[in-house]
Amino acid sequence: MSLFKARDWWSTVLGEKEEFDQGCLCLADVDNSGNGQDKIIVGSFMGYLRIFSPHSVKTGDRSQAEDLLLEVHLRDPVLQVEVGKFVSGTEMLHLAVLHSRKLCVYAVSGTLGNVEHGNQYQIKLMYEHHLQRTACNMTCGPFGGIKGRDLICIQSMDGMLMVFEQESYAFGRFLPGSLLPGPLAYSPRTDSFITVSSCRQVESYKYQVLAFATDADKKQETEQQKLGSGKRLVVDWTLNIGEQALDICVMPFNQSASSVFVLGERNFFCLKDNGQVRFMKKLDCSPSCFLPYCSVSEGTVNTLIGNHGHMLHVYQDATLKWATQLPHVPVAVRVGSLHDLKGVIVTLSDDGHLQCSYLGTDPSLFQAPKVESRELNYDELDVELKELQKIIKDVKSQGVWPIAEREDDLKVSVVVSPNLDSVSQATDVEVGTDSVPSISVKITLQNRVVLKKAKLSVYVQPPLVLTCDQFTFDFAVPDTTSIVAFSIYLKRSYTPSELEGNAVVSYFRPTGIPRVIQCKFRLPLKLICLPGQPSKTASHKLTVDTNKPPVSLLSLFPDFANQSDDDQANVMGFRLLGGSRVTLLASRTSQRYRIQSEQFEDLWLVTNELILRLQEHFEKQGIKDFACSFSGCVPLQEYFELIDHHFELRMNGEKLEELLSERAVQFRAIQRRLLTRFRDKTPAPLQHLDTLLDGTYKQVIALADAIEENQEKLLQSFAGLKSATHLLILLVRLWQKLSIEQTAILEAAFLPLQEDTQELGWEETVDAAIAHLLKTCLSKSSKEQALNLTSQLNIPKDTSRLKKHITLLCDRLAKGGRLCVSTDAVAPQAMVMPGGCSPIAESDLEERSLDDSAEVFTNHKHLIAESPVPEVSALQGVVE
């Protein structure tokens, strides 16, 4: 809206680092010059009082020195300035300045000089009132219908109205139920004060009622008020507006009617003087100030409303007539006459930008040039189009942002120390009696160009923690290298779900484009694991097949070799820092390895480490066709037990939070009852409320401790569930020989969350993802594709549906299902078994919808047994 910018007539900046508010601006003929020209009076929170008489300047020129008539430092912060007939015996205008603990009334006068810039202005203190309470704001007017003078009413921070009859203090009254002060205005026609209370309702109090009410020596009701002696302060009318008000202004239409304008946080109200709503306008932007003024149309009022979008809107009643753009956010706006120019808009920002402007537009001098018509050569256009399509295709194949461009700006490399720290950096660990080791990690950043405020964040899986995880760099010179070092250690007594870490660097290129670089690193297994004695018996066992001869475990795990044990070529024990033991066995005659442990989730890290070290071992020997496989049954039952345990902890946490909410409500209710008893001047028996309060407090503390304990268990359970999920994905990948893309789809479906919360948990998220896979790429009929999946994720009642979907997913994969995310995967496909085998005949029960397929899920083991996949029972005697 550049066309509708406010036309700058005069502007200046007040002081340095000064603050202003809506009461700091006033326009009036404060020096009583009688020429009808207003002066601009500005006070600041720094205690400066300034008076301006601006003159028109050319665009781009600064204000002249003679525009500033007076500048005085009053020491105390200036909350509000007003001009009126505040001195007895004269009807001359005087300046009232409100400080936090003082009200001062000044006379402003000027002495003419020989030339214009020789005029001198000064202020003289007429009288002052020292306030017993901290002031908030004030209003003035002919209270009580008095003629020829103005009285002042000051509102304190605790809701007391203090009325001053010029040099003397008249009375003070507390507003009933006042909690926080609101804007205050005076209506001369009804002789009443109008404010907005902390209850978000407009309240009107008659001046006569305030004057004859009992004197407010203290905020509480006195005994005389309770006995009926003295008149209580009663509100004239109220109106609930439902929001806090920013300002109030009373605008008279004529002698018989006036309107009360209230600016809220979201709406603009116009009320009659009896509290009825004339009209209301919902504002599009958050307002900052407003000013009603007389309209040229009879029966209407114009209103200027400034907002935080640097805009000033002009409304005629509720209709927007004009919108103009300001260079700042106004906190105060006034309209006055300056040097025979009527209707000048004066705005003030909170940082001291004072501007006098008027409304207008700039004519557009730009004319669009004529377009020369020419004939198009379609053959040349076809050739150009093909070249552009080829360029676009090449860019798409390389990625929108080439990797080489990012690497040229900043290179990140991570080096993990091969040895543990000689002196462990672990602090505040909770791992039992074991000494917790730590390992050092160094990250090197090398920049090619100047980069400012590059932020490095390092992430590891809990309960692993870092000694420092946030770093900031300023590369002021190109081609510099920065190195940071930190240590990582285990803080809790359970194992992390992964040993991978991620270093992420975010920065802005010199062109302003944001960039993010991440570099992953792998931590050694010995950081969370120690050599241990092998165990002959275990509850959970896995067997991994390979296509190469077995490798000695001593050569695979030299860092876990125990010199006292000579039989470690085929058997090796691992003891996790939490106390659990894992045993690894290698067959002497076959090409198989077995991993066994008492905890199912603890198998993951050792199994994954075994496969990675086997791959590295054969790659060093130049063997490229090494492969692993899994030919047993997928251990779904053990996996489901971990899911049930995690879900049970979530349910317990929800129940505990509900109980805590109930006890908190009860605790607050007892507090209110006790507070009422203590406030009563005739004490009544407590009726064991103190005992009930103490018991409820103990219950609240106990429930809070139980929630913290349950949350810690939930974190541990979620880490174990993630480990088991990684293991399940690994076994399915080895079992069905899935590609990297298909494995990534499984990981996205089973591991969608980094954190588990009550609002969005693992169960409902994974259930929705697996249901989507079953509906799209793993569907067998159009009936399943027509199933509607809910778009809202809610915590389920139990885990039966999730377990059914996981079982059906494994069953579809066993029968040749293919995971993909392409759009053509929605169409039903004929499933082909690996090796060219014909597909197994589908069960009639599977033609039902996912919700009605309980029998298929429960007979999963029988379906697997019918497929040509050997069970783990046939491998019991393989490992020697």
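What counts, and where the lines are drawn
- Residues numbered from 1 in each chain as written.
- Predicted model: local features only at pLDDT ≥ 70, side-chain atom pairs only at ≥ 80, totals over all residues.
- Heavy atoms only, no water.
- Helix = DSSP H or I, 4+ residues; strand = E, 2+ residues; numbered from the N terminus.
- Buried < 20%, exposed > 50% of the residue type's maximum accessible area, 1.4 Å probe, protein only.
- Contact = heavy atoms within 4.5 Å.
- Areas by Shrake-Rupley, 256 points an atom, 1.4 Å probe, with all protein chains shown as cover.
- Pairing = 2+ DSSP bridges.
- Axes fitted to C-alpha atoms, helices over the stretch in contact; angles between N-to-C directions.
- Patch = residues over 30% accessible without salt bridge, like charges linked within 9 Å, V, L, I, M, F, W, Y side chains within 5 Å.
- Salt bridge = Lys/Arg side-chain N within 4 Å of Asp/Glu carboxyl O.
- Lys, Arg positive; Asp, Glu negative; His and termini not counted.
- Charge placed at Lys NZ, Arg CZ, Asp CG, Glu CD.
- Disulfide = S-S within 2.5 Å.
- 1 Å grid on protein atoms, 1.4 Å probe; cavity = no way out; pocket = protein on both sides within 12 Å on 5 of 7 lines; lining within 4 Å.
- Points joined across faces, edges and corners; volume = space filled by probe spheres on them.
- Nonpolar A, V, L, I, M, F, W, Y, C, P; charged D, E, K, R; others polar.

> Outline the overall build of the protein, listing residues and values.
Within the protein, the regular secondary structure consists of 14 helices and 42 strands. The buried share of the protein, reckoned over its 880 residues, is 46%. Pairs at least 24 residues apart make up 61% of the contacts formed inside the protein by residues separated by at least 6 positions. Of the accessible surface of the protein, which amounts to about 46400 Å², a share of 52% is contributed by carbon and sulfur atoms.

> I'd like a description of the sheet that holds strand β3 (residues 39-43), backed by residues and values.
Taken together, four strands build an open sheet; the order of strands is β2-β3-β4-β5 and the sheet is antiparallel. Single-partner strands in this sheet number two, and they are β2 (25-28) and β5 (68-73). Along the sheet, successive strands turn relative to each other by an average axial angle of 15°, direction set aside.

> With reference to specific residues and values, describe the sheet that holds strand β22 (residues 287-294).
For sheets, the rule is that strands pair by backbone hydrogen bonds, running either parallel or antiparallel. Taken in spatial order, the four strands make up an open sheet running β22-β23-β24-β25, and their pairing is antiparallel. Taken across any chain shown, the strands that pair with only one partner, and hence form the sheet edges, are β22 and β25 (319-325). Strand-to-strand twist in this sheet, taken as the mean axis angle between neighbours without regard to direction, amounts to 20°. One ladder, built from seven bridges, connects β22 with strand β23 (residues 301-307); its direction is antiparallel.

> Tell me about a negative patch on the surface, and please be specific about residues and values.
Taken together, the side chains of Asp379, Glu380, Asp382, Glu384 and Glu387 make up a negatively charged region of the molecular surface. Within the element layout of this structure, Asp382 appears in helix α3 (residues 378-398). What makes Asp382 partly exposed here is its relative accessible area of 43%.

> Any details on the state of the cysteines? Residues and values, ideally.
With the rule as written, the count across this model stands at zero disulfides. Looking at Cys820, it has no disulfide partner, and the nearest cysteine sulfur is the one in Cys777, 5.2 Å off.

> Lay out empty space enclosed by the protein with the relevant residues and their values.
Enumeration according to the criterion identifies six cavities of 30 Å³ or more in this entry. Its volume calculated, the largest cavity comes out at about 70 Å³. Taken together, the residues that form the lining of the largest cavity break down as five nonpolar, seven polar and one charged. For the second largest cavity, the calculated volume is near 60 Å³. Lining the second largest cavity we find Leu283, Asp284, Cys285, Ser286, Pro287, Ile305, Gly306, Asn307, His313 and Tyr315. Broken down by secondary-structure element, the contributors of at least two residues to the lining of the second largest cavity are β23 and β24 (311-316). It is β23 that contributes the most residues to the lining of the second largest cavity, three residues altogether. In terms of residue class, the lining of the second largest cavity is made up of five nonpolar, four polar and one charged.

> Which residues make up the pattern of salt bridges, and what values go with them?
Under the criterion given, the structure shown has 24 salt bridges. The partner of Lys102 in a salt bridge is Asp76, with the nearest N and O atoms 3.5 Å apart. Of the two residues, Lys102 sits in strand β8 (residues 102-111) while Asp76 sits in the loop between β5 and β6 (80-84), which places them 26 residues apart along the sequence. Residue Lys85 is joined to Glu91 by a salt bridge in which the shortest nitrogen-to-oxygen separation is 4.0 Å. On the basis of relative accessible area, Lys85 is assigned to the partly exposed category, the value being 27%. Judged by relative accessible area, Glu91 falls into the exposed class, the value being 53%.

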